[in-house]
Structure formats: C-alpha cells, structure tokens
Amino acid sequence: MSAPLLHMPDSLKEAARLLAADPEAKCLAGGATLVAMMNAGLVQPSALVSLRKIEGLAGIERRADGSVRIGAMTRHRITANSSELAAGQTVVKQAASVIANPPVRNMGTMGGSIAFADPGADYPPALVAADAEIELLGGGGTRRLKAAEFFTDWYQTALEPGELVAAIHLPAGDARAIGHYDKLARVEGDYATASVAVVLTLAGGICTGIAIAVGACGPKPVRLAEAERKLIGSELDDASLAAAGVLLADAADPVDDVRASADYRRLVIPRLVRRAVRAARALAR
Ligand SMILES: Cc1cc2nc3c(=O)[nH]c(=O)nc-3n(C[C@H](O)[C@H](O)[C@H](O)COP(=O)(O)OP(=O)(O)OC[C@H]3O[C@@H](n4cnc5c(N)ncnc54)[C@H](O)[C@@H]3O)c2cc1C
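Cut-offs applied
Residues numbered from 1 in each chain as written. Predicted model: local features only at pLDDT ≥ 70, side-chain atom pairs only at ≥ 80, totals over all residues. Heavy atoms only, no water. Near = heavy atom within 4 Å. Polar contact = N/O pair within 3.5 Å; in protein donor to acceptor, adjacent residues only side chain to side chain. Areas by Shrake-Rupley, 256 points an atom, 1.4 Å probe, with all protein chains shown as cover. 1 Å grid on protein atoms, 1.4 Å probe; cavity = no way out; pocket = protein on both sides within 12 Å on 5 of 7 lines; lining within 4 Å. Sits in = over half its atoms within 2 Å of the grid points. Helix = DSSP H or I, 4+ residues; strand = E, 2+ residues; numbered from the N terminus. Nonpolar A, V, L, I, M, F, W, Y, C, P; charged D, E, K, R; others polar. Domains from an automatic or database assignment. Contact = heavy atoms within 4.5 Å. Buried area = accessible area lost by both parts, 1.4 Å probe. Salt bridge = Lys/Arg side-chain N within 4 Å of Asp/Glu carboxyl O. Points joined across faces, edges and corners; volume = space filled by probe spheres on them. Buried < 20%, exposed > 50% of the residue type's maximum accessible area, 1.4 Å probe, protein only. Core = buried A, V, L, I, M, F, W, Y, C linked by side-chain atoms within 4.5 Å. Pairing = 2+ DSSP bridges. Axes fitted to C-alpha atoms, helices over the stretch in contact; angles between N-to-C directions.

Per an unreviewed UniProt entry, the protein carries the name FAD-binding PCMH-type domain-containing protein and comes from Hypericibacter terrae.

S.K.: Sorry if this is basic, but what is going on with the site of the ligand here?
M.R.: In the vicinity of the ligand, 31 residues are found, and the nearest of them are Cys27, Ala32, Leu34, Thr109 and Asp122. Backbone polar atom of glycine 30 to an oxygen atom of the ligand: 2.9 Å apart, as the coordinates give it. About the coverage of the ligand: the protein hides 88% of its 970 Å² of free accessible area. Comparing atom positions with the cavity grids shows the ligand to sit within the largest pocket. Counting residues per element, the ones that place at least two in the shell around the ligand are strand 2 (26-28), helix 6 (110-116) and strand 10 (164-170). In terms of residue count, the dominant contributor to the shell around the ligand is helix 6 (five residues). Among the residues forming the shell around the ligand, the class breakdown is 17 nonpolar, ten polar and four charged.

S.K.: Sorry if this is basic, but what is going on with the domain arrangement of the protein here?
M.R.: You'll often see interface size given as the accessible area lost when the parts meet. Segmenting the protein into domains produces domain 1 (5-49), domain 2 (60-170) and domain 3 (178-284). On the side of domain 2, twelve residues touch domain 1, which itself brings 13 residues to the contact. Carbon and sulfur atoms supply 86% of the area buried between domain 1 and domain 2, which totals about 920 Å² over both sides. Connecting domain 1 to domain 2 are zero salt bridges. Counting every contact that joins domain 1 to domain 2 gives zero residue pairs in polar contact (both at pLDDT 80 or more). Per-element accounting of the side of domain 1 that touches domain 2 gives the leading share, six residues, to helix 1 (residues 12-21). Taken together, the residues that form the side of domain 1 that touches domain 2 break down as nine nonpolar, three polar and one charged.

S.K.: How should empty space enclosed by the protein be read in this particular structure?
M.R.: Over the atoms, a rolling probe the size of a water molecule traces out where space has been left empty. Following the criterion strictly, the structure yields one cavity of 30 Å³ or more and no others. Put simply, the largest cavity is a space of about 70 Å³. In terms of lining, the largest cavity is formed by 16 residues, of which the most central are Pro119, Pro124, Pro219, Lys220 and Pro221. Going through the elements one at a time, helix 7 (123-129), strand 8 (151-153) and strand 13 (206-215) are the ones with two or more residues in the lining of the largest cavity. Considered class by class, the residues forming the lining of the largest cavity number ten nonpolar, three polar and three charged. In this structure, the lining of the largest cavity is formed jointly by two domains, domain 2 (60-170) and domain 3 (178-284), each of which donates at least three residues.

S.K.: When you look at the side chain of threonine 157 in this model, what are you seeing that I'm missing?
M.R.: With respect to the element layout, threonine 157 can be found in strand 9 (residues 156-157). A residue is classified by how much of its surface remains accessible, and threonine 157, at 16% relative accessible area, is buried. Setting aside residues no more than four positions away along its own chain, threonine 157 makes contact with Ile114, Ala115, Ala117, Phe150 and Thr152.

S.K.: Before we go on, may I ask you to explain the nonpolar core in this structure?
M.R.: Side chains of nonpolar character tend, in soluble globular proteins, to be buried together. Val92, Ile114, Tyr123, Leu127, Ile134, Ile168 and Leu170 are the most contacted members of the largest nonpolar core, which totals 37 residues. Take this core: its biggest share by element is five residues, from helix 7. Once residues within four sequence positions are removed from consideration, leucine 127 is found in contact with Val92, Met110, Ile114, Ala132, Ile134, Ala147, Ile168 and Leu170. Counting residues in hydrophobic clusters, the runner-up holds 29 residues, among them Ile178, Ile212, Leu231 and Ala276.

S.K.: What exactly am I supposed to notice about the sheet that holds strand 7 (residues 141-146) here?
M.R.: In a beta sheet, neighbouring strands are held together by backbone hydrogen bonds and run either parallel or antiparallel to one another. An order of 4-5-10-6-7 is seen for the five strands of this open sheet, with the pairing classed as antiparallel. In the strand order of this sheet, the two ends are held by strand 4 (60-62) and strand 7, each with one partner. Here the strands of the sheet are splayed against their neighbours by 20° on average, with no regard to which way each runs. By the bridge criterion, four bridges tie strand 5 (residues 68-71) to strand 10 in an arrangement that is antiparallel. Residue arginine 69 lies in a different strand from strand 10, and its bridge partner there is histidine 169. Across the sheet, helix 1 lies against strand 6 (133-138) and strand 10, angled at about 135° from strand 10, the strand it touches most.

Next up, the structure:
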C-alpha cells in the first residue's frame, strides 16, 4: 500500500478542484478522525487535500446583525472558549466544550466534525437547535443549507462529491434566548449516548420560543415542530414537557450499540428533554 499524496492548496477553490479531480482523495482538516481511520486501515485515500494553508478558513466572526460565521477549520477549543457566541448561539459553544477531551478539542474542527456526521457527535443537534446554516463550496460555486437539511442519514450529509464545508453560520436569533446543551455519556469524554440541545426564550415565565434537537438517537438530529408547539405558550410545566418528550422519543430512530440499547435511548429521551429544558429555564430567570 503506497502512502497518499499530500496536497496543500492555498485556496478553497483549489482544494475543491483537487477533490473533484480525484474521487479517491479526501480532504484533511484536524485529522482527529481521518488519520485514526487511516491508521486502522478503514480508509485508504489516494491523496489528502489539507485545508491547513487556506487563509480565512479558521476563526469566528461576529457580524453587525448579531449573526456569527464560524470558519470550517475552527478548532473545537476555539469555539468552546469563544466570547463571540451569545444568547441562543451559546448552545454550540457548550457542545464544543464537551467534545471528547482537550487533545481532541485542540485537533478537531467544526467542518471536519459535521462533514463526518457521526450521529453521536455533539455539534449536529446543537447546530440544528441554533438554526445554523452550512456554507458549502464546490465546482458549481457556493450554496447554503440549513443544518437540518445538511445531515441526511447515518454518516451521510448533503455534500456533493468535490464539495467542501466552508463555514457555519449562526443566526442572531432572539437576544433574550438561552442556549443549553445536555450530553448523556457513559463517561466524561465519550461520544453521547443521547443528547439534547435547547434554545429557549421566556417572557414573564411563559415560553415564547423554543427549539429542541435530540442527538445520538437516530441517523440525524431529531427536531419536531409538533413537540415545540406543546411548549410554546406554556410555563414549561411537567405535563407539557412530558408531552413534548414523548413526541420526540416517538420520532427518534435509535439503534442498539455499544453505548446503549435502542429501548434505553427511547426511555431516556423524555427525561433528558425535561432536564435540558428545565436547566435552560433556570438560566433564563
Ligand atoms: C478519541 C476521539 C474521541 C472523540 N469524541 C468525540 C465526542 O465526544 N464528540 C464529538 O462530537 N466528536 C468526537 N470526536 C470527533 C472529533 O470531534 C473530530 O474532530 C471530528 O470528528 C473530525 O474533525 P477533524 O477536523 O479532525 O476532521 P478530519 O479527521 O480531518 O476529517 C474527518 C472527515 O471529514 C472530512 N472533512 C474534513 N473537513 C472537511 C470540510 N471542511 N469539508 C468537507 N469534508 C471535510 C474529511 O475528508 C474526513 O472524511 C472524537 C474523536 C476522537 C479521535
């Protein structure tokens, strides 16, 4: 087996061109997942297209309208410590802070994480709850997709061959919103057994807006307008929370794996939803 070629393009366009020209090539971001898979012989790319030399691909920029642009090569550690994320956007910052451990947070990037689309990963539910948009660049130019449309199936995304994640955009949202991310894991640093991302707005103790996304309980994050409608206009009482939790558990499509059985995950979703929403409510007061 020969070592893959290493390309170090200095523009995203050139990276996309190199990837489009060779279907066996893979782009290399932090390498946390890709290099481990190569070492284990699970993937054998013909070439690696490194994104490290591309200027402007790392970093977090807060815009005048309150929206935030996160470059695809932004490391989890930078996102976890960023003061640019505010109000409901902080759900993404919290998700970054509980990914694995410090070495992985130093290596891994948001673009690499969402492109790999591990269903147990922490960003997918947080980005769906935050109403994020993913900016993609390929031979055909640039396009933007809602995070909820970007994640399509187990380890599958809407990325076309030769297309790259360029950035992640978080809308400003309501300035009073609170973000909260709750991760249930077997041990600290493990992938989620189940997770819940919440963005909540309260006015006078009444829920005026809520987004809930459940992670690690199916091929992609579960978000359900019907469940959110049970809570909007309520005081987030136990009955409303239970009704929303049951709807989300019914909509989930978990499997048995090394972390938990599908039955356990279905059982735990309503409890985790209740815990996460209550925690967000406590912060909102
Ligand atoms: C021990 C360990 C524990 C972990 N625990 C967790 C955890 O608890 N929670 C969690 O969320 N994650 C966890 N991860 C995953 C981690 O967050 C990785 O950072 C992430 O999956 C991949 O990011 P990366 O930048 O290293 O990507 P890479 O490993 O470089 O690439 C991953 C894949 O994405 C593709 N890719 C990379 N960047 C782009 C791009 N911009 N556009 C298109 N495709 C791209 C690559 O070609 C490759 O197929 C863990 C990883 C390890 C090694």
